[in-house]
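Below, each chain spelled out in residue letters.
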Amino acid sequence: MNDNTDTSDTGNNNSGTSLNFIEQFIQEDISNGKNNGRVHTRFPPEPNGYLHIGHAKAICLDFGSAEKFGGKCNLRFDDTNPTKEETEYVESIREDIHWLGFDWEDREFFASDYFDRLYDFAVDLINRELAYVDDQTSEQIAGQKGTPTRQGEESPFRKRSKEENLDLFRRMNEGEFPEGSRVLRAKIDMSSPNMHMRDPVIYRIIKRAHHRTGNKWNVYPMYDFAHGQSDYFEGITHSLCTLEFEVHRPLYDWLVDRLRTDEYRPRQIEFNRLNLTYTVMSKRKLQELVEEKLVNGWDDPRMPTLSGLRRRGYTSESIRNFIKRIGYTKFEAINDFALLEHAVREDLNIKVSRVFAVLDPVRLIITNYPEGMVEEMEIINNPEDESMGKRKVPFSRELFIERDDFMEDPPKKFFRLGPDREVRLKGAYIVKCTGYKKDETTGRLEEIYCEYDPETRSGGPAANRKVKGTLHWVSAPHAVDAEVRLYDRLFNDEDPAGRKDHDFKEFLNPDSLNVLNGCKLEPSLADVKVLDKFQFQRLGYFCADKDSKQGKPVFNRTVPLRDTWSKVIKK
RNA sequence: UGCUUCGUGGUGUAACUGGCAACACGUCUGACUCUGGAUCAGAAGAGUCCAGGUUCGAGCCCUGGCGAAGCAACCA
């Protein structure tokens, strides 16, 4: 019980950061002594697919606000429809929530845990003449329901006696009637301006094994009949959901009010769902991409699923930071993918080693460097964090450099290699280009010849000589071959799902995946572990893929480095 | 021609409940640099959907418009 001693500030006094509108509501409820100041939330996924970053927004709110106010958050699988749900998804959902960094301790529940109590409540409503069995087809019921602008009419079965209703409902559950032949409806108001209050269906017959209750039941509760009640059973104080459930709230309250026996009552509050540019976020659409093999599974690194983002190389911290920044409102917003990219770069920048990798290699030969000689160059792992130390990288007469780091006839602002030009090889020497060889028929550049200046070795006497460019390199005899997968946005349109009259798949980006083979990596990357992350110097952040084999790594590009040069050449 | 909710720089959010519209991303400069990265410094960019009203003062309050989204699954 907190009266208004000194906790009555409504403003942003809580842990320094300002509260979003939902947290303000919670704060008020606490100040008003509602539910004895208790805060208890829940995250209620339906186990019918993989979690995506939109779910992460909900997870962060559900777990985050509980944590913020010293409360608890339950995990509850909303498994009221046995035709869609599978145990496989339960596992992946648990894994993804844990990966994000949240924990529900021993509070893992299933809506199906409450089937008995829900059934009893339905019987109770029948007894109170607040529910009835309707024998009509779904088409007939829909017809009588009216439209948003035209009110509904009452079912001919609405006045059925409670004895008959009791009997029929019991026999529905005993399997006596076929699917679709009868439903149980709440008796509310067919003339309500809110469609959801027009005698909503609360139980339907489904003769299908449930992933947890098997064949015990032949009737299953609808979402609206399960959700608020489950909240009530679990002692949830704040039931947070997305905006489209706004119109369900009166029904939520109506049911809970007929169930509850005390002052306590859970409160539903709605917030805007996450939309991201250049992708789609609905489970149905993501499923379509998977089923039509337009992507390689739910964890394809181009997918906005948590498993996809994880495989792409996103860290959970970066996702949580992103979500912290976009906030929660009641306005349907579309967030810039660039902000998510910024969040990963920011996180990886401080965490990850810089290594040498050449994606499109061309051979560079240092003609005045002794044949057979190998020097171990000492390279700083991360200039942002000295404690990450240094490592040795072998340097020799023949190297690989990036093909586009050389131009025969470079434009003014090109700082890289060209005839007679000098560049620094990062961590090694300054070299000067003395010539190059092209294939006579194709005109393709084959080899570049340079001379090095031994005095310019990093740390050496002439090391401070200024040259315009610095290139990354890999020693040819030591190089590890790798496959590298470059990803681009999955769709070309900012809002592929938002275009009426167009199928979202019309906007798929044909170049969203670019697989490179024969990439050359420095030898320290020969045996990376799946999910190991690096910055490939000058290129971007990369993450080892699960397809990696011993000595033959496969990397995914998480995100390129910010690149002002590519903007210059576009002009 | 109904109900519910929402309209703040290009994008996403703030504005201590009436006091000079702030922050982040993005964009553009410049400095620095052995990553054209990172970092640092700076700039441009909205006068808060429109019109009235209350007030010394309105993004916040009132009235009326306009616009957008959700709602007619035996899905969640």
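Residues numbered from 1 in each chain as written. Chains lettered and ligands numbered in written order. Predicted model: local features only at pLDDT ≥ 70, side-chain atom pairs only at ≥ 80, totals over all residues. Heavy atoms only, no water.

## Section: the protein's contact with RNA strand B
So, step 1. Taken together, 66 residues lie near RNA strand B, and Met195, Arg354, Ser458, Gln535 and Arg538 sit nearest.
So, step 2. When atoms of RNA strand B within 4 Å of the protein are sorted by moiety, sugar and phosphate together comprise 62%.
So, step 3. Here a sugar or linking oxygen of RNA strand B sits 3.0 Å away from a polar atom, N or O, in the main chain of Ile326.
So, step 4. At 3.0 Å, a side-chain N or O of Arg416 approaches a base nitrogen of RNA strand B.
So, step 5. Of all the secondary-structure elements, those providing two or more residues to the surface near RNA strand B are strand 6 (201-205), helix 11 (316-326), helix 12 (337-351) and helix 13 (564-570).
So, step 6. Within the surface near RNA strand B, the residues separate by chemical class into 22 nonpolar, 24 polar and 20 charged. (Near = heavy atom within 4 Å. Polar contact = N/O pair within 3.5 Å; in protein donor to acceptor, adjacent residues only side chain to side chain. Helix = DSSP H or I, 4+ residues; strand = E, 2+ residues; numbered from the N terminus. Nonpolar A, V, L, I, M, F, W, Y, C, P; charged D, E, K, R; others polar.)

## Comments concerning the layout of surface pockets
So, step 1. In this model, the second largest pocket occupies a volume close to 920 Å³.
So, step 2. Pro44, Glu46, His55, Phe245 and Lys283 are, among the 33 residues lining the second largest pocket, the residues nearest its centre.
So, step 3. Broken down by secondary-structure element, the contributors of at least two residues to the lining of the second largest pocket are strand 1 (40-43), helix 2 (53-68), helix 7 (223-234), strand 8 (238-242) and helix 9 (283-291).
So, step 4. Across the lining of the second largest pocket, the residue classes tally to twelve nonpolar, ten polar and eleven charged. (1 Å grid on protein atoms, 1.4 Å probe; cavity = no way out; pocket = protein on both sides within 12 Å on 5 of 7 lines; lining within 4 Å. Points joined across faces, edges and corners; volume = space filled by probe spheres on them.)

## With respect to the pattern of salt bridges
So, step 1. Scanning all chains against the criterion turns up 59 salt bridges.
So, step 2. Across the salt bridge formed by Asp253 and Arg265, the nearest N and O atoms sit 3.7 Å from each other. One end of the pair, Asp253, is in helix 8 (residues 249-259); the other, Arg265, is in the loop between helix 8 and strand 9 (267-271), and twelve residues separate them in sequence.
So, step 3. Relative accessible area serves as the criterion here: at 30%, Arg265 is assigned to the partly exposed category. (Salt bridge = Lys/Arg side-chain N within 4 Å of Asp/Glu carboxyl O. Buried < 20%, exposed > 50% of the residue type's maximum accessible area, 1.4 Å probe, protein only.)

## Concerning the nonpolar core
So, step 1. Within the largest apolar cluster, 47 residues are counted, with the highest numbers of intra-cluster contacts made by Ile53, Ile97, Ile319 and Phe322.
So, step 2. Of all the secondary structure elements, the ones that give two or more residues to this core are helix 1 (21-31), helix 2, strand 2 (72-77), helix 3 (87-100), strand 9, helix 10 (306-312), helix 11 and helix 12.
So, step 3. Per-element accounting of this core gives the leading share, eight residues, to helix 2.
So, step 4. Excluding residues that lie within four positions of it along the chain, Ile53 makes contacts with Leu274, Leu276, Met281, Pro304, Leu306, Leu309, Ile319, Phe322, Ile323 and Leu340.
So, step 5. Phe169, Ile188, Tyr232 and Leu255 belong to the second-largest nonpolar core, a separate cluster that totals 38 residues. (Core = buried A, V, L, I, M, F, W, Y, C linked by side-chain atoms within 4.5 Å. Contact = heavy atoms within 4.5 Å.)

## Considering the packing of helix 11 against helix 12
So, step 1. Closest axis-to-axis distance for the helix 11/helix 12 pair is 8 Å, and the angle between their directions is 135°. Regarding the angle of helix 11 to helix 12, the classification is oblique. The handedness of the crossing between helix 11 and helix 12 is right-handed. On helix 12, the residues touching Glu317, Ser318, Phe322, Arg325 and Ile326 of helix 11 are Leu339, Leu340, His342, Ala343, Val344, Glu346, Asp347 and Lys351.
So, step 2. Along the lines of polarity and charge, the residues of the contact of helix 11 with helix 12 split into six nonpolar, two polar and five charged. (Axes fitted to C-alpha atoms, helices over the stretch in contact; angles between N-to-C directions. Parallel < 35°, antiparallel > 145°, perpendicular 65-115°, else oblique. Left-handed = near helix turned anticlockwise from the far one by under 90°.)

## Quick look at the packing of aromatic side chains
For any pair of aromatic rings, geometry is given as the distance between the ring centres together with the angle between the planes.
So, step 1. Throughout the structure, instances matching the rule amount to 29 aromatic pairs.
So, step 2. On the numbers, 6.0 Å between centres and 50° between planes, the contact of Phe491 with Phe504 is tilted. Residue Phe491 is located in the loop between strand 21 (480-487) and strand 22 (513-521), and its partner Phe504 is located in the loop between strand 21 and strand 22; the two are separated by 13 residues in the primary sequence. Side by side, Phe491 and Phe504 carry an identical accessibility label, which is buried.
So, step 3. A ring pair is formed by Phe534 and Phe555, whose centres lie 6.0 Å apart and whose planes are at 70°; its orientation type is edge-to-face. Taken as a pair, Phe534 in strand 23 (residues 533-536) and Phe555 in strand 25 (residues 554-560) lie far apart in primary sequence, 21 residues in all. Take Phe534 and Phe555: they sit in the same class, and that class is buried.
So, step 4. An aromatic cluster is defined as three or more aromatic residues linked by ring pairs; in this entry it consists of Phe115, Tyr119, Phe121, Phe169, Tyr203, Trp217, Tyr220 and Phe225.
So, step 5. Cation over ring: Arg38 sits above Tyr264, and NZ or CZ is 5.5 Å from the ring centre. (Phe/Tyr/Trp six-rings, centres within 6.5 Å; stacked < 30°, edge-to-face > 60°. Lys NZ or Arg CZ within 6 Å of the ring centre and 35° of its normal.)

## Details of unusual backbone geometry
So, step 1. Unlike most non-glycine residues, Asn36 shows phi in positive territory, near 55°.
So, step 2. Notably, Asp199 is not glycine yet its phi reads approximately 45°, a positive angle.
So, step 3. As for its placement among the helices and strands, Asp199 is situated in the loop between strand 5 (183-186) and strand 6.

## Observations regarding empty space enclosed by the protein
The method is simple in principle: a probe with the dimensions of a water molecule rolls over the atoms, and the space it marks as empty is what remains.
So, step 1. Applying the stated criterion to the full structure yields two cavities of 30 Å³ or more.
So, step 2. Lining the largest cavity are Tyr223, Asp224, His227, Gly228, His248, Tyr252 and Gln268.
So, step 3. For the lining of the largest cavity, the leading source of residues is helix 7, giving four residues.
So, step 4. The computed volume of the second largest cavity comes to approximately 40 Å³.
So, step 5. Lining the second largest cavity are Ile126, Glu129, Ala131, Tyr132, Arg158, Arg160, Ser161, Lys162, Asn165 and Lys187.
So, step 6. Of all the elements in the fold, those that place two or more residues in the lining of the second largest cavity are strand 4 (131-134) and helix 6 (162-173).
So, step 7. For the lining of the second largest cavity, the residue count by class is three nonpolar, two polar and five charged.

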